[in-house]
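# Summary of the model geometry
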Amino acid sequence: MRWMFETTVRDSVCQIRREGARWLSTAWDGGYRTADAVYNVTVPEGFERTDLDAYRAERLSGAGFAVGPTLLTGVHMEHARCARSGSVSVLATAGLSNPAALPMSAAETADGSDGTASNPADSPDWRPGTVNLIVGVDRALDEGALATLLATAVEAKAATLLDAASVPGTTSDAAIVGCVPSAERASFAGSATEIGAATRVCVRDAIRASLAARYGGDALPTVDGAEYGVVTDQDTEIFKP
C-alpha cells in the first residue's frame, strides 16, 4: 500500500521514508530524532547480539540504506501490514511468542514465589516475538503532541491485543511515531482528535492484519502455552498521597 511515507522492503529490512520527518522512538537508543527514514528489521532465529548499534549499521548498510532509528523484531517482513486513514499511516509487525499478561488481581504464584515476573531474556535461547509499530502522520506536531501520539498508539495496541490474545503486549514491544514539521500544524493527537482517532483504527487494523498474515487460521499463542510468556502479578503497597 502506498502512503504518505514511502515504504521499501529489502533483505528483511523495511524502510519508512519521509524527508525531514521528526520521530520519537522507544527503541534501545530511542528519543526524539530528525531523520529521513526509520526502519523495522527482522533478526534471525537465535539472535543474541548485544552490540545493537553495530548490528543495525551492518544490516542497513547491507540492504543499501542509510542509518536511522530502528526497531528489531523476530517477525519476518512478509508479515508486515499497513493501514491508512486520513493523514495517518501505520505499519505493524506482530508476533506473540513472548506475551506479557497483567492480571487485574494480585495473587501468589503457583510455586510460592512473591509473584515477580521472570525475565525471558535470562533464557539463553530467548527470541523476541514483538509487536512493532511505526506510525507516520502527515502533520506537524510539537514534542508534546508527538509523545501523546505515541501514547495513543500504544493504548490502541494494548486494546487490540487484549481482544485478540487476552494480553496487552509482549515483553519486547516497541514503537516509532513520526510527523512532518513542514506540513499543516496540529496541536493535539489524543484519542478525541482526528489524528488520534485515525491512529487508533490504523493500529488496530494493521496489527490484526499482521497477526492474520503470520498465524493464518491457527490459534494465537497464550501466556500458558508460550515458552517465553510472563505474568506480572506481584503485590504493591497502596497509600494515599
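Below you will find a few notes about this structure. In this text, all values refer to a predicted model and were calculated from it rather than measured experimentally.

## Here we look at the packing of aromatic side chains
- Under the counting rule described, the total for this entry stands at three aromatic pairs.
- Ring centres of tyrosine 39 and phenylalanine 65 lie 5.4 Å apart, and the angle between their planes is 40°; this geometry places the pair in the tilted category. Here tyrosine 39 is found in strand S5 (residues 37-42), whereas its partner phenylalanine 65 is found in the loop between helix H1 (52-62) and strand S6 (70-73), with 26 residues between them in sequence. Each member of the pair, tyrosine 39 as well as phenylalanine 65, is classed as buried.
- Over the ring of phenylalanine 5 we find arginine 18; its NZ or CZ atom is 5.7 Å from the centre of that ring.

## Remarks on the sheet that holds strand S13 (residues 230-231)
- Spatially, the three strands line up as an open sheet ordered S11-S9-S13, and their pairing is mixed. Strands at the two margins of the open sheet, each flanked by one partner only, are strand S11 (169-170) and S13.
- Examined bridge by bridge, strand S9 (residues 99-101) and S13 share two bridges and lie parallel to one another. From the neighbouring strand, alanine 100 faces S13, where its bridge partner is valine 230.

## Points about the sheet that holds S5
- With mixed pairing, the four strands of this open sheet are ordered in space as S1-S2-S5-S6. At either margin of the open sheet sits one strand with a lone partner, and together these are strand S1 (6-10) and S6. Each strand of the sheet is rotated relative to its neighbour by a mean of 15°, with strand direction disregarded.
- For S1 and strand S2 (residues 13-17), the ladder comprises five bridges, and the chain directions are antiparallel.

## Digging into the state of the cysteines
- Counted by the stated rule, this structure contains zero disulfides.
- Sulfur of cysteine 202: no disulfide; nearest cysteine sulfur belongs to cysteine 82 and is 9.8 Å away.
- Taking relative accessible area as the criterion, cysteine 202 reaches 2% and is therefore assigned buried.

## A look at the nonpolar core
- Membership of the largest hydrophobic core comes to 36 residues, with the highest contact counts inside it found for Val88, Val90, Val135, Leu141, Leu149, Ile195 and Ile207.
- When residues of this core are traced back to their parent elements, those giving at least two are strand S8 (88-94), strand S10 (131-137), helix H2 (143-165), strand S12 (174-179) and helix H3 (194-215).
- In terms of nonpolar packing, the next biggest core, distinct from the first, is built from 16 residues, Ala21, Trp23, Leu71 and Leu91 among them.

## Comments concerning the side chain of serine 210
- Positionally, serine 210 belongs in helix H3.
- Look at serine 210 and you get buried, because its relative accessible area is 0%.
- In this structure the side chain of serine 210 is engaged in a polar contact, spanning 2.8 Å, whose partner is the backbone oxygen of histidine 79.
- Residues contacting serine 210, with those up to four places away along its chain left out, are His79, Arg81, Ala92, Thr93 and Ala94.

Parameters at a glance
All residue numbers here refer to positions counted from 1 along the written sequence of the relevant chain. Local features in a predicted model are, by the rule used here, given only for residues with pLDDT of at least 70; side-chain atom pairs are given and counted only at 80 or more, and totals for whole chains, interfaces and linings are based on all residues. Processing note: side-chain calculations cover all non-hydrogen atoms of the structure and skip hydrogens and water entirely. When the centres of two rings from Phe, Tyr and Trp lie within 6.5 Å, Trp using its six-membered ring, the rings pair. Their planes under 30 degrees apart give stacked, over 60 give edge-to-face, and anything left gives tilted. Numbering of helices and strands runs from the N terminus; a helix is a DSSP stretch of H or I covering at least four residues, while a strand is a stretch of E covering at least two. A simple rule labels every residue: compare its accessible area, found with a 1.4 Å probe on the protein chains alone, to the largest value its type can have, and call it buried under 20%, exposed over 50%, or partly exposed in between. Here, a charge over a ring is recorded when the distance from Lys NZ or Arg CZ to the ring centre is within 6 Å and its angle to the ring normal is within 35 degrees. DSSP-based pairing: two strands are paired if at least 2 bridges between them are found. Axes here refer to lines fitted to C-alpha atoms; in helices the fit is confined to the stretch in contact. Angles between the N-to-C directions go from 0 to 180 degrees. A pair of cysteine sulfur atoms is labelled a disulfide when the two atoms are within 2.5 Å. In this text, buried Ala, Val, Leu, Ile, Met, Phe, Trp, Tyr and Cys residues form a nonpolar core when linked through side-chain atoms within 4.5 Å. Polar contacts, as counted here, are pairs of nitrogen or oxygen atoms within 3.5 Å of one another; within protein the pair requires one atom able to donate a hydrogen and one able to accept it, and residues that are adjacent in sequence qualify only if both atoms are side-chain atoms. Residue contacts are counted whenever heavy atoms from the two residues lie within 4.5 Å of one another.

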